[in-house]
Amino acid sequence: MEELAELAGITVRTLRFYRERKLIPPPRREGRIAWYDDHHLARLRTITALLERGHTLNGIAELAEAFDHGRDVGELLGMDPPTEETPVRLTPEELADHFAGEVTPENLAAALDLGYLGVDGEDIVHISRRLLEVSSALVREGIPLAEVLRTGAEVRTHADTLADLFAGLILRHAPQDALHRLRPLARSVVDAELSLALDRRLRKRDRPGAAGAVPPLRDGPRGPVPEG
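Residues numbered from 1 in each chain as written. Predicted model: local features only at pLDDT ≥ 70, side-chain atom pairs only at ≥ 80, totals over all residues. Heavy atoms only, no water.

## Thoughts on the overall build of the chain
Turning to step 1, where the next piece is worked out: Looking only at helices and strands, the chain has 10 helices and 7 strands in total.
Turning to step 2, where the next piece is worked out: The 228 residues of the chain split such that 29% are buried.
Turning to step 3, where the next piece is worked out: In the chain, the share of contacts with a sequence separation of at least 24, taken over all contacts with a separation of at least 6, comes to 59%.
Turning to step 4, where the next piece is worked out: Of the roughly 15,600 Å² that the chain leaves accessible, carbon and sulfur atoms contribute 55%. (Helix = DSSP H or I, 4+ residues; strand = E, 2+ residues; numbered from the N terminus. Buried < 20%, exposed > 50% of the residue type's maximum accessible area, 1.4 Å probe, protein only. Contact = heavy atoms within 4.5 Å. Areas by Shrake-Rupley, 256 points an atom, 1.4 Å probe, with all protein chains shown as cover.)

See below:
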């Protein structure tokens, strides 16, 4: 314990406190000897980093519990990794950097439940680099991560329906092995339809008289003013 505390840059008293709060897993015991390893050291350094970022010990305890009971990388990715999505390995600090101020126990638990995150030893694994980058970009635009995750769950439901639709179409009219080969066509259809749907939504929003539309301008005695 003294060696671990020294390596982690904390006191033995603090280490005992973390153990009592179950912030670190128990050591491996051989008789009366307790063995700590790199896993414990990494967890202690993560705790220190999260404290420096303003997280409370209660919040860190919830995070630790979520990771310890979260899905591991094998369960997350299944027997075979996704054929088109690239998983990303992150440290807890790197995850916090992607979503500054938004990595709360509630958001972490939601991401684990949704299947976006898993754990593999000391690493966090995000199932898709593209989803990670898009989620980070939305948060940077001011959208709360909780809303991004909630919307992601809704999109997942619709995506499953679309996948069933295309799989049924292909399997009814093409060889079974064509599903893998024709999946880019399905993606192209969905991408084009989503683009057209966004165009329709933007035209509807910008149409005069529509809710949220900007009224046209007319000339007034002191320059252009909105009509109406």
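## Brief notes about a positive patch on the surface
Turning to step 1, where the next piece is worked out: On the surface, Arg200, Arg201, Arg203, Lys204 and Arg207 cluster together into a positively charged patch.
Turning to step 2, where the next piece is worked out: Turning to its location among the elements, Lys204 is positioned in helix 10 (residues 178-206). (Patch = residues over 30% accessible without salt bridge, like charges linked within 9 Å, V, L, I, M, F, W, Y side chains within 5 Å. Salt bridge = Lys/Arg side-chain N within 4 Å of Asp/Glu carboxyl O. Lys, Arg positive; Asp, Glu negative; His and termini not counted. Charge placed at Lys NZ, Arg CZ, Asp CG, Glu CD.)

## As for the packing of helix 9 (residues 145-173) against helix 10
Turning to step 1, where the next piece is worked out: Relative to each other, helix 9 and helix 10 sit at 130°, their axes nearing to 10 Å. As judged from the angle between their axes, helix 9 and helix 10 are oblique. Every pair of crossing elements has a handedness; the one defined by helix 9 and helix 10 is right-handed. When helix 9 is examined against helix 10, the residues Leu162, Phe166, Ala167 and Ile170 are found in contact with a partner set consisting of Ala178, Leu179, Leu182, Ala186, Val189 and Val190.
Turning to step 2, where the next piece is worked out: Residues that form the contact of helix 9 with helix 10 fall into these classes: 10 nonpolar, no polar and no charged. (Axes fitted to C-alpha atoms, helices over the stretch in contact; angles between N-to-C directions. Parallel < 35°, antiparallel > 145°, perpendicular 65-115°, else oblique. Left-handed = near helix turned anticlockwise from the far one by under 90°. Nonpolar A, V, L, I, M, F, W, Y, C, P; charged D, E, K, R; others polar.)

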